[in-house]
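Okay, here's what each chain looks like letter by letter:
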Amino acid sequence: QGRRDGAHAGEGIARLWQSHPMTASWRLRCVLSSVGLVSVTANSKHLASLCRGHTCNDPHFPILDYSAADGTCICNAHPCWDDHGSVHTCDSPEHPYLSFVYDDARELHCECWRAPWYGSTYISRDLCPGHDCEDPATPVLDWDEEEQSCFC
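I will try to describe carefully the structure that is included in this document. Treat the numbers as computed from the prediction; the structure is a model and nothing was measured.

### Focus: the pattern of salt bridges
According to the stated counting rule, one finds 1 salt bridge in the structure shown. For Asp126, the salt bridge goes to Arg125, with nearest N and O atoms at 2.9 Å. Using a relative accessible area of 29% as the deciding quantity, one classes Asp126 as partly exposed. Owing to a relative accessible area of 30%, Arg125 belongs among the partly exposed residues under this scheme.

### Looking at the state of the cysteines
Here, the word disulfide means a covalent bond between the sulfur atoms of two cysteines. With the rule as written, the count across this model stands at 6 disulfides. Each sulfur of the disulfide joining Cys128 and Cys150 lies 2.0 Å from the other. Judged by the sign of its S-S torsion, about -105 degrees, the bond between Cys128 and Cys150 is left-handed. Highlighted residues: Cys128 in the loop between helix 4 (121–127) and strand 5 (142–144) and Cys150 in strand 6 (residues 149–151), separated in sequence by 22 residues. Take Cys128 and Cys150: they sit in the same class, and that class is buried.

### Topic: the nonpolar core
One finds Cys51, Tyr66, Ile123, Cys128 and Leu141 to be the most contacted residues of the largest nonpolar core, which totals 13 residues. Looking at this core, the elements with two or more residues in it are strand 1 (63–67) and helix 4. Filtering out sequence-adjacent residues up to four positions away, Cys128 remains in contact with Ile123, Leu141, Asp142, Trp143 and Cys150. Membership of the second largest hydrophobic core comes to 6 residues, among which are Cys80, Leu98, Tyr102 and Leu108.

### Considerations on the pairing of strand 3 (residues 97–102)
In terms of residue burial, strand 3 counts as a mostly covered element, since 5 of its 6 residues are buried. The pairing of strand 3 with strand 4 (residues 108–113) spans 6 bridges and is antiparallel. Bridge pairing links Tyr102 to Leu108 in strand 4.

Calculation criteria
Residues numbered from 1 in each chain as written. Predicted model: local features only at pLDDT ≥ 70, side-chain atom pairs only at ≥ 80, totals over all residues. Heavy atoms only, no water. Salt bridge = Lys/Arg side-chain N within 4 Å of Asp/Glu carboxyl O. Buried < 20%, exposed > 50% of the residue type's maximum accessible area, 1.4 Å probe, protein only. Disulfide = S-S within 2.5 Å. Helix = DSSP H or I, 4+ residues; strand = E, 2+ residues; numbered from the N terminus. Core = buried A, V, L, I, M, F, W, Y, C linked by side-chain atoms within 4.5 Å. Contact = heavy atoms within 4.5 Å. Pairing = 2+ DSSP bridges.

See below:
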């Protein structure tokens with residue numbers, strides 16, 4: 001039976017994990033780092049400012065994103081998991097991580113990267129279509145609210 005007093009260490013960790021205001025990307029980095037797999041690059045600062053305190057805990061919808069139409073933060077599935085009925089995967093050991101970018105016409109392009117990273121559909125498709133951050137040193141596509149411009 002579960003304990004109500006929270007004396008069990010696992011319960012305390014679970015409560016901290018659920019209540020701590022971490023982004024989904026930060027949680028994913030913690031999990032992957034704790035099992036010694038990889039580190040994951042963080043998400044956009046603009047998105048973090050819009051969605052402060054929001055988290056995505058469902059592995060089917062792990063990407064924290066923003067819906068401008070609703071003015072709310074949402075949890076999305078990776079857009080390449082359902083690209084007009086196609087499921088993209090990355091089988092190459094040199095480029096095992098699925099990523100995405102939207103072109104100028106806001107069409108989705110799925111690609112495989114060497115390093116783990118995922119971004120925001122809102123930023124990539126809605127604010128910065130046609131922009132791509134190809135430099136591994138600066139892989140995060142972001143939006144500068146003051147300048148009204150995209151940057152990596």
